[in-house]
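# Overview (structure and organization)
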Amino acid sequence: MKATWILPDGREITAEVKEGLNLMEAAVANNIPNVIGECGGNLSCATCHVYVSDDWSDRTGPAGDFEDPMLDVAEAERRPTSRLSCQLKMSPALDGIVLIVPQP
Ligand code: FES
């Protein structure tokens, strides 16, 4: 399965992501800049914040109850498609997902 990250400078990086891996782990494994994952996916850092591209936001759905308040403290501005990528697990439904990396 694949995921693509669009960087603030417009570059796109596409990588293979195994089913079940979360998209913060996948970003770190592929050296995606500005996706840090400081807390290791425990919903306590918001350094894995990304914007889900409009075409995909229906499939990821909204942020969960614990994720939602963390998005308010993310460094980059919150948008309607903001998600913490540690909470997005690769699955057949998300194969091909496109994520936009916020400006640092
Ligand atoms: S990695 Fe810390 S909230 Fe996602």
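This section reports on the structure supplied with the text. (Residues numbered from 1 in each chain as written. Predicted model: local features only at pLDDT ≥ 70, side-chain atom pairs only at ≥ 80, totals over all residues.)

### Description of the overall build of the protein
To keep things clear, this is the line we draw: Strands are runs of DSSP state E lasting at least 2 residues, helices are runs of H or I lasting at least 4, and numbering of each runs from the N terminus. In this description the radius of gyration comes from C-alpha coordinates, and the expected globular size is given by 2.2 Å times residues to the power 0.38. The burial label depends on the number of other C-beta atoms within 10 Å of a residue's C-beta. Counts of 20 or more mean buried, 12 or fewer mean exposed, and intermediate counts mean partly exposed, with C-beta atoms placed from the backbone. Contact between two residues is assigned when their C-beta atoms, built from the backbone, lie within 7 Å.
On a plain count of helices and strands, the protein comes out with three helices and five strands. Ordering the α and β elements of the protein from the N terminus gives β-β-α-β-α-α-β-β. Relative to the compact-globule value of 13 Å for 104 residues, the protein shows a C-alpha radius of gyration of 12 Å, a close match. Considering the protein as a whole, with its 104 residues, one finds that 27% of them fall into the buried category. Sequence-distant contacts in the protein: of pairs separated by 6 or more residues, those separated by 24 or more amount to 62%.

### Here we look at the sheet that holds strand E3 (residues 49-52)
Heads up, the condition is: Here a strand pair is declared whenever DSSP counts at least two bridges between the two strands. Lines fitted to the C-alpha atoms define the axes, with helices restricted to the stretch that makes contact. Angles between their N-to-C directions range from 0 to 180 degrees.
With mixed pairing, five strands are arranged side by side in an open sheet as E2-E1-E5-E3-E4. The sheet terminates laterally at strand E2 (12-16) and strand E4 (82-84), the two strands that pair on one side only. With strand direction ignored, the average angle separating the axes of adjacent strands in the sheet is 35°.

### Structural notes on the environment of Val35
Its place among the elements puts Val35 in the loop between helix H1 (23-29) and E3. Separated by 12 residues in sequence, Val35 and Leu23 have C-alpha atoms that sit 9.6 Å apart.

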